[in-house]
Amino acid sequence: MKTKHPVRFAGICIYSVCAALILQSCDGKCIKSADLTMPPYINGTVKVADETINTFIGSINYPFGTGVYLINSVNEFYSVVRKNPFTNTPVIFYWNINTPPPFFVNAPPPNNPLQVGETVNIHRCVFNNNFDMDCFFKKAEPSKTEMKMVVKVENGVIVDSQVKEAETPELAPGAYEVLTFPVQVNALGSFEFSFTVNADHSASESDTSNNIFITRPTDDLGAGGH
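Now for a quick tour of the structure. (Residues numbered from 1 in each chain as written. Predicted model: local features only at pLDDT ≥ 70, side-chain atom pairs only at ≥ 80, totals over all residues. Heavy atoms only, no water.)

Points about unusual backbone geometry
What is expected of a backbone is that most residues other than glycine have negative phi and most peptide bonds are trans.
Move 1: With an omega of 10 degrees, the peptide bond running from Pro109 to Pro110 counts as cis.
Move 2: In this structure, Pro110 sits in the loop between β7 (89–95) and β8 (119–128).
Move 3: Despite not being glycine, Asn198 has its phi angle at roughly 55 degrees, a positive value.
Move 4: Residue position: Asn198 is located in the loop between β12 (190–196) and β13 (212–219).
Move 5: At His201, a residue that is not glycine, the phi angle is positive and equals roughly 60 degrees.
Move 6: Here His201 shows up in the loop between β12 and β13. (Helix = DSSP H or I, 4+ residues; strand = E, 2+ residues; numbered from the N terminus.)

Written out as structure tokens, the structure reads:
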């Protein structure tokens, strides 16, 4: 999940008198609107955060902080800030289902399992997938992304539900934004999420069929320890 060279994806239309194919594909007529989406998988690299405090990415500890990136990863990751009782300093844990944090049963803080009452940040990437070369300068207007979360226990009984919104900024074609939804852990169980990009319909889109992204159920947010 870490690299030194973040990459923001963007297409570019290069005009050249010697490139007939490019001239044909770039006729200067932009007929498509934005296409906001939250893909299940990230191909390439996206930057999540620059940390200056003690940082865990999965089980790897970076004592002095680090840049946090997703590289060819599922578009599904979490973070929680805790305090190290021995040093009285904050420590942040980032993880996803493939890189669980170092939480385990009966571990002392800060490596204890998720606790009721903690605030966990739910992170997801939103992309503008309009790669029409003629629309390179046509951005998606600011919009809102909505997250709905339910927590279920045995027999599918819902013990908690929360709805959150995050501001999605203006996005150029091929650009992305990492959105964060803070939720309070009111119960432990199977967490299920659904996300709706452009939930307020404030951005013009050429395709709205891919605006809803559903995350498969995850026990205790994939943090383990139970």
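Thoughts on the sheet that holds β13
Move 1: Read across the open sheet, the 4 strands follow the order β10-β9-β12-β13; overall the sheet is antiparallel. In the strand order of this sheet, the two ends are held by β10 (158–168) and β13, each with one partner. Strand-to-strand twist of the sheet, defined as the mean angle between neighbouring strand axes without regard to direction, takes the value 15 degrees.
Move 2: Across 10 bridges, the pairing between strand β9 (residues 143–152) and β10 is antiparallel. (Pairing = 2+ DSSP bridges. Axes fitted to C-alpha atoms, helices over the stretch in contact; angles between N-to-C directions.)

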